[in-house]
Every structure is written in C-alpha cells, then in structure tokens.
Amino acid sequence: MHEVSIASELIRVATLECNKNGYNKISSIKVAIGKATGVMPDALLFAFNVLKEGTAAESAILVIEEIPIKGFCEKCKKEFEGNNSYIVFQCPFCESFSVNVVSGKELNIIEMEVSDEN
Ligand SMILES: [Zn+2]
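Residues numbered from 1 in each chain as written. Predicted model: local features only at pLDDT ≥ 70, side-chain atom pairs only at ≥ 80, totals over all residues. Heavy atoms only, no water.

### Some words on the coordination of the zinc ion
(1) Moving on: Only Cys-73 (SG), Cys-76 (SG), Cys-91 (SG) and Cys-94 (SG) from the protein coordinate the zinc ion, and they sit 2.3 Å from it.
(2) Moving on: Each of the 4 donor atoms around the zinc ion contributes to a set of angles spanning 106 to 114°, which defines the coordination as tetrahedral.
(3) Moving on: Donor residues for the zinc ion sit on one chain with the sequence pattern C-x2-C-x14-C-x2-C. Note that Cys-73 is positioned in strand E3 (residues 70-73) and Cys-91 in the loop between strand E4 (79-81) and strand E5 (99-103), a separation of 18 residues in sequence. Like Cys-73, the residue Cys-91 is buried in the burial classification. (Donors = N, O, S within 2.8 Å, 3.2 Å for Na, K, Ca; no water. Tetrahedral: all angles 85-135°; square planar, octahedral: opposite > 155°, others 65-115°. Helix = DSSP H or I, 4+ residues; strand = E, 2+ residues; numbered from the N terminus. Buried < 20%, exposed > 50% of the residue type's maximum accessible area, 1.4 Å probe, protein only.)

Now the structure itself:
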C-alpha cells in the first residue's frame, strides 16, 4: 500500500529531524499532499496512526493539507485548476494537450512541532 510507505517515511524523517534538534517527542506534523499524488488522506492518516506506536511520534497529530491540482497551458498560457481527476490532460480553454502540471505533486512536511517531554 502506497500510503503505508509514505507514513513510515514521514515518521522516519520527522524523528531524524526531532533528534537532530535535541528533542525526543513530536507533537504534531503538518504535511502538504498534492491531489495529483493520488494519496488518500484517510488511508495516510490511518497508516500513520498505526505506525507511530512506539516511535517519537507516538502522540503526534498528523495534519494533512491538500494541495489542488493546477495546470498551465503552453498554448494559450492560461493557468487552471484541475477537477477531480488525478492528472490534468487537457486545457479547458483551448482544448490543447500541451499542459504542464504546476501544482498538486507536493508530498512534504511543511511544519513540525517537537518537545523534550518524556
Ligand atoms: Zn489552453
């Protein structure tokens, strides 16, 4: 499952960062997840809550910020927001297929709170 490996990587990176700064407990992690990644927030949250047991992130809250898909048309130079589909294929203005996905592929930690409580 895609989400399980992402959750485990999130915990790994957050723990490393936490220890590096001399703390031993993570209280919250905020992540940005683009809709074009195909990651299901509910599945990620579930995996995170299972995997965090026994780690520095044990009592951490995972906050997920979804980033909408945005495309840019190379032909008419317009930017548009994607709908529910995961991938933006076609410009809604001129129907060109020369479209670049400019946002929605994000998958990173944007904020983290740590403490040194036991
Ligand atoms: Zn266009």
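### What to know about the pairing of strand E1 (residues 25-34)
(1) Moving on: By the criterion of burial, E1 is predominantly enclosed, with 7 of the 10 residues buried.
(2) Moving on: The parallel pair E1 and strand E2 (residues 61-67), bridged by helix H2 (residues 41-51), forms a crossover whose chirality is right-handed. (Right-handed = clockwise from strand over helix to strand, strands pointing away.)

### As for H2
(1) Moving on: Along H2, the residues classified as buried are Ala-43, Leu-44, Ala-47 and Phe-48. Looking down the long axis of H2, one finds its buried residues gathered within 135° of arc, a one-sided arrangement. Opposite the buried face of H2, at more than 90 degrees from it, the exposed residues are Asp-42 and Phe-46.
(2) Moving on: Here the buried face of H2 lies against helix H1 (2-20), E1 and E2. (Arc of directions from axis to C-beta. Contact = heavy atoms within 4.5 Å.)

### Considering the side chain of Thr-15
(1) Moving on: Take Thr-15: it is sitting in helix H1.
(2) Moving on: Taking relative accessible area as the criterion, Thr-15 reaches 18% and is therefore assigned buried.
(3) Moving on: Those residues in contact with Thr-15, other than ones at most four positions away along the chain, are Ile-26 and Ala-56.

### Thoughts on the nonpolar core
(1) Moving on: If you look at the biggest cluster of nonpolar residues, it comprises 18 residues, and the most contacted ones within it are Ile-26, Ile-29, Leu-44, Phe-48 and Leu-62.
(2) Moving on: Contributing elements (two or more residues each) for this core: H1, E1 and H2.
(3) Moving on: At 6 residues, the largest contribution of residues to this core is made by H1.
(4) Moving on: Excluding residues within four positions of it along the chain, Ile-29 makes contact with Ala-14, Phe-48, Ile-61, Leu-62, Val-63, Ile-109, Glu-111 and Met-112. (Core = buried A, V, L, I, M, F, W, Y, C linked by side-chain atoms within 4.5 Å.)

### Some details on the sheet that holds strand E6 (residues 107-115)
(1) Moving on: Ordered in space as E2-E1-E6, the 3 strands form an open sheet in which the pairing is mixed. Across the chains shown, the open sheet's two edge strands, defined by having one partner strand only, are E2 and E6. Each strand axis lies, on average, 15° off the axis of its neighbour in the sheet, ignoring direction.
(2) Moving on: Across 7 bridges, the pairing between E1 and E2 is parallel. Counted as the bridge partner of Ile-33 is Glu-66 from E2. (Pairing = 2+ DSSP bridges. Axes fitted to C-alpha atoms, helices over the stretch in contact; angles between N-to-C directions.)

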